Amino acid sequence: FVREHLPASPARVLDVGCGQGELTTALSVAGYDVLGIDPVAPHHDLLRRIRLEDLDDSDGSYDAVVAVRSLHPIRSLPQALDRIVALLRPAGVLVVDEIGWDRMDDATLEWLYAQRRALAAAGQGTAPGSLQALRDEWDADHLGIHGYDALRAGIEARFEERAFARTPFLHRLVGGVASEVLEQALIDAGAVQALGFRYAGTVLPR
């Protein structure tokens, strides 16, 4: 999805919340002039251990910004999105892969509960004590985290949508390709919610 919506290489790309730099490295190998930033990034020529709000743009603007699950926990979402707009060239591209954690409903929670219990029975992880305990854990883990509506509203106020798709997310927590296929099938059948989403858009005229 990221490669599909980026300008052609060697476009200049900023990877916000790059983590250990896997995506940054992949984009570099693909020919992009890329910089990954993250407060806990490892030491590497392509990476800088810095927060988005502290990034100096003295060396120019970017053709695209990629944010993979890095916007929802950021302290000030409006400030972060304004900073991204400022770092982008006119008509620059934002590509997002995110989670709308607050779209979790009872049916989706029950599916996650069953998956966690099955994994625990197979010796992988610990099963939640009850469905309510899992609900409490989920809410506590996302306390103060931006939800779906806040993310979409903030992005849409600054960007013109080029692509949007809802995607499975919970398989990342329970692991395995089979879990992703199963989750997608349940989403397609309307049995569970798609908590993930992907978005690509261009900066609105300033």
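In this numbering scheme, every chain counts its residues from 1 along its sequence in written order. In keeping with the predicted nature of the model, local features appear solely for residues at pLDDT of at least 70, side-chain atom pairs appear and are counted solely at 80 or more, and the whole-chain, interface and lining totals rest on all residues. Side-chain calculation: all heavy atoms of the structure are included, whereas hydrogens and water are not.

Caption draft 1: Spotlight on unusual backbone geometry. Along the chain, Ser 9 connects to Pro 10 via a cis peptide bond; the corresponding omega equals 15°. Helix numbers and strand numbers start at the N terminus; a helix is a DSSP run of H or I with at least 4 residues, a strand a run of E with at least 2. Tracing the backbone through its elements, the reader meets Pro 10 in the loop between helix H1 (2-5) and strand E1 (12-16). Unusually for a residue other than glycine, Arg 69 sits at a positive phi of about 50°. Within the element layout of this structure, Arg 69 appears in the loop between strand E4 (62-68) and helix H3 (77-87). Summary of the burial criterion: residues with accessible area below 20% of their type's maximum are buried, those above 50% are exposed, and those between are partly exposed, where the area comes from a 1.4 Å probe applied to protein chains only. We classify Arg 69 as partly exposed; its relative accessible area is 30%. Unusually for a residue other than glycine, Ala 91 sits at a positive phi of about 65°. Here Ala 91 lies in strand E5 (residues 88-99). The class for Ala 91 is exposed, based on a relative accessible area of 54%.

Caption draft 2: Examining the sheet that holds strand E3 (residues 47-48) more closely. DSSP calls a pair of strands paired once it identifies at least 2 bridges connecting them. Here seven strands make up an open sheet; going across it, the order is E3-E2-E1-E4-E5-E7-E6 and the pairing mixed. Both edges of this open sheet fall to E3 and strand E6 (159-167), since each of them pairs with a single strand only. Relative to strand E7 (residues 196-203), E5 runs antiparallel, the two being bridged by seven bridges. Looking across to E7, one finds that Val 93 is bridged to Thr 202.

Caption draft 3: Fine view of the pairing of E1. In terms of burial, E1 is a largely internal element, five of the five residues being buried. Along E1, one buried face is formed by Arg 12, Leu 14 and Val 16 and the opposite face, lined by Val 13 and Asp 15, is buried too. Judged from the five bridges that link them, E1 and strand E2 (residues 33-37) form a sheet pairing that is parallel. In the sheet register, Leu 14 faces E2, and the bridge partner there is Leu 35. Orient the strands so they point away from the viewer, and a crossover whose first-strand-to-second-strand path over the helix runs clockwise is right-handed. Note on the crossover from E1 through helix H2 (residues 22-29) to E2: the handedness is right-handed. As paired strands, E1 and E4 are joined by four bridges and run parallel to one another.

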